[in-house]
Amino acid sequence: MYRLSLVTLCVIGACAPAPAQVKTNPEPAKDTTKTASAQTTESKPGPGALSVPNADPYPSRYTPFPSKPTVIRHATILTAAGPIIQDGSIFMRDGKIVAVGANVDAPADAVVIDGTGKYVTPGIIDVHSHMGDYAAPGVDANSDGNEATDPTTPYVWAEHSVWPQDPQFPRALAGGVTTVQILPGSANLIGGRSAILKVVPARSVQEMKFPGAKYGMKMACGENPKRVYAQRGPSTRMGNMAGYRKAWIAAEEYRRSWDKWNADHKGEPPKRDLGMETLAEVLRGNIYVQMHCYRADEMVQVIDMMHEFGYKVRAFHHCVECYKVGDLLAKEGIGAAGWSDWGGFKMEAQDAVRGNLALLEHAGAKTMIHSDDPSGIQRLNQEVAKSMAAGAAIGLPVTEETAVKWMTINPAWALGLDDKIGSLEPNKNADVVLWSSDPFSVYSHAEKVWIDGAMLYDRSDPSGKWKTDFDLGNVPAEAGR
């Protein structure tokens, strides 16, 4: 009876798998009237499927703030492009520097500022900051700088973590900082793309992005990746090097396949990969490598790897032992961005010397100061002064004309923006700082700061100071009394 029931059921159900005979969503009949042109249009890949050199899917929406024609007179001017100008003047109009020199005419409609006893410099540029992606307050909810889920993450972009309401931004502006490179952290061998930002009030990171600036890509060698990935790998320096090389090999194949398709558009496009796309852009020279590295021997190995794969390291960051290879950095055209006196806080920082930047300068390397710190960024002028003093102490004096370049034109070069910012020259962006006295004095402070000719900081006018949404949410206790 049981067997009979099964037979009966088989007859009723035709003993065939339902999907083979019954389609709940039958395919529509093919329209044979479609033209070849229409079929071609249907198969055309969408823009998100394409890997195009110099693509800009998240473009800058920065708009300069309103400005007034302004002349600063009778100031000492450190141009970062030539000798100090004593009793000099600078004229700004429509976001640009119009004239700099001993005699500059002030048009009738200009705001004239007396700079007697004061100094003028270009806006300070910090090539290594984590403002916005490690925003204040420093809680886990704001810890967005390290995507420590894989040792190689070129597919992440720092701008997608930046919080424009980070209260550290206006404090950096008050220290004379006008442009910053926001980097991913150093947990990973390849940490992702950087963001080049103007230090301005904004609702979104796109409104802060420096128009036309090239992306950087953060890489890190040494102890940090070893420590973070000790249980997952790489756990050794040789593992670090193997990880970089494996990524570059894959990136070279990706670059060649896409360069071919972009040239002839024959067949289906290769599969897009966000990480490989970033690395391919480095190989094309469209993205600058900014590399966290402490030890001199590791820098030499990275330079050899750079030659092996045909890309360029734009600058080594932190570079505590850069003084040991200053001649090599000068020969290779690689910048050196460091601190004035940080050292000894981990094994690879043990060989730090206070004269590092002065030694690099005298070796002919492209030398620059950086912060890597939300407090240090507020007084980078003093960090430069400390390095000047250290140089003098070992018989390697550095003039103010040279030292000002460490915080202006040299970091501008590291970002590929030295044709727009970093020095006080006609037709450059009017990013300007007026200091109360010599900026290399501990007693000096930024009195006024202009970005693209707009005064965005005025120490004498507390009511006009930039307050982020976070600042506005914290009411002083006395206000409620």
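The structure contained in this document is the topic of the report that follows. (Residues numbered from 1 in each chain as written. Predicted model: local features only at pLDDT ≥ 70, side-chain atom pairs only at ≥ 80, totals over all residues. Heavy atoms only, no water.)

## What about the overall build of the protein chain?
Helix and strand content of the protein chain: 14 helices and 17 strands. Looking at the 481 residues of the protein chain, the share that counts as buried comes to 50%. Looking at the protein chain alone, contacts between residues at least 24 apart form 70% of all its contacts between residues at least 6 apart. As displayed, the protein chain offers around 22,500 Å² of accessible surface, 53% of which is attributable to carbon and sulfur atoms. (Helix = DSSP H or I, 4+ residues; strand = E, 2+ residues; numbered from the N terminus. Buried < 20%, exposed > 50% of the residue type's maximum accessible area, 1.4 Å probe, protein only. Contact = heavy atoms within 4.5 Å. Areas by Shrake-Rupley, 256 points an atom, 1.4 Å probe, with all protein chains shown as cover.)

## Some details on the sheet that holds strand E14 (residues 367–369)
An order of E8-E10-E11-E12-E13-E14 is seen for the six strands of this open sheet, with the pairing classed as mixed. In this open sheet, the two strands that pair with only one neighbour each are strand E8 (190–193) and E14. Taken over all neighbouring pairs, the strand axes of this sheet differ in orientation by 20° on average, direction set aside. Looking at chain direction, strand E13 (residues 335–338) and E14 are connected through three bridges and run parallel. By the bridge assignment for E14, alanine 337 is matched with methionine 368. Where helix H6 (residues 237–264) meets the sheet, it contacts E8, strand E10 (216–220) and strand E11 (288–293), and its direction lies at approximately 145° from that of E10. Strands E11 and strand E12 (313–318) of the sheet are contacted by helix H8 (residues 296–309), whose axis makes an angle of about 160° with E12. (Pairing = 2+ DSSP bridges. Axes fitted to C-alpha atoms, helices over the stretch in contact; angles between N-to-C directions.)

## So, the pattern of salt bridges
Opposite charge on two side chains permits them to pair, given that their charged atoms come into close proximity. Applying the stated criterion across every chain yields a total of 27 salt bridges. Across the salt bridge formed by aspartate 259 and arginine 255, the nearest N and O atoms sit 2.7 Å from each other. Note that aspartate 259 and arginine 255 are positioned in helix H6 at a spacing of four residues, about one turn of the helix. For aspartate 259, a relative accessible area of 26% gives the class partly exposed. Several salt bridges share partner residues, and in doing so they unite Arg237, Arg295, Asp297, Glu298, Lys346 and Glu348 into one network. (Salt bridge = Lys/Arg side-chain N within 4 Å of Asp/Glu carboxyl O.)

## Re the packing of aromatic side chains
For the structure on display, the rule yields 11 aromatic pairs. Ring geometry for tyrosine 58 against tryptophan 157: centres 5.8 Å apart, planes inclined by 75°, an arrangement best described as edge-to-face. Highlighted residues: tyrosine 58 in the loop between helix H3 (36–43) and strand E1 (70–77) and tryptophan 157 in the loop between strand E6 (124–129) and helix H4 (168–174), separated in sequence by 99 residues. Taking the relative accessible area as the measure of exposure, tyrosine 58 reaches 37% and is therefore partly exposed. (Phe/Tyr/Trp six-rings, centres within 6.5 Å; stacked < 30°, edge-to-face > 60°.)

## Considerations on the packing of H6 against H8
To characterise two packed helices, one gives the angle between the axes of the helices and the distance between these axes. Put simply, H6 and H8 touch, their axes get as near as 11 Å, and they point 20° apart. Judged by the inter-axis angle, H6 sits roughly parallel to H8. In the packing of H6 onto H8, the handedness of the crossing is right-handed. Counted together, Arg237, Met241, Tyr244, Arg245, Trp248 and Ile249 of H6 and Glu298, Gln301, Met305, Glu308 and Phe309 of H8 form the full contact between these two elements. Split into classes, the residues belonging to the contact of H6 with H8 amount to six nonpolar, one polar and four charged. (Parallel < 35°, antiparallel > 145°, perpendicular 65-115°, else oblique. Left-handed = near helix turned anticlockwise from the far one by under 90°. Nonpolar A, V, L, I, M, F, W, Y, C, P; charged D, E, K, R; others polar.)

## Regarding the side chain of aspartate 458
Relative to the elements of secondary structure, aspartate 458 occurs in strand E17 (residues 454–458). There is a polar contact of 2.7 Å between the side chain of aspartate 458 and the side chain of serine 460. (Polar contact = N/O pair within 3.5 Å; in protein donor to acceptor, adjacent residues only side chain to side chain.)

## Considerations on unusual backbone geometry
Between alanine 136 and the following residue, proline 137, the backbone shows a cis peptide bond with an omega angle of 0°. As for its placement among the helices and strands, proline 137 is situated in the loop between E6 and H4. Unlike most non-glycine residues, histidine 74 shows phi in positive territory, near 60°. By secondary structure assignment, the location of histidine 74 is in strand E1.

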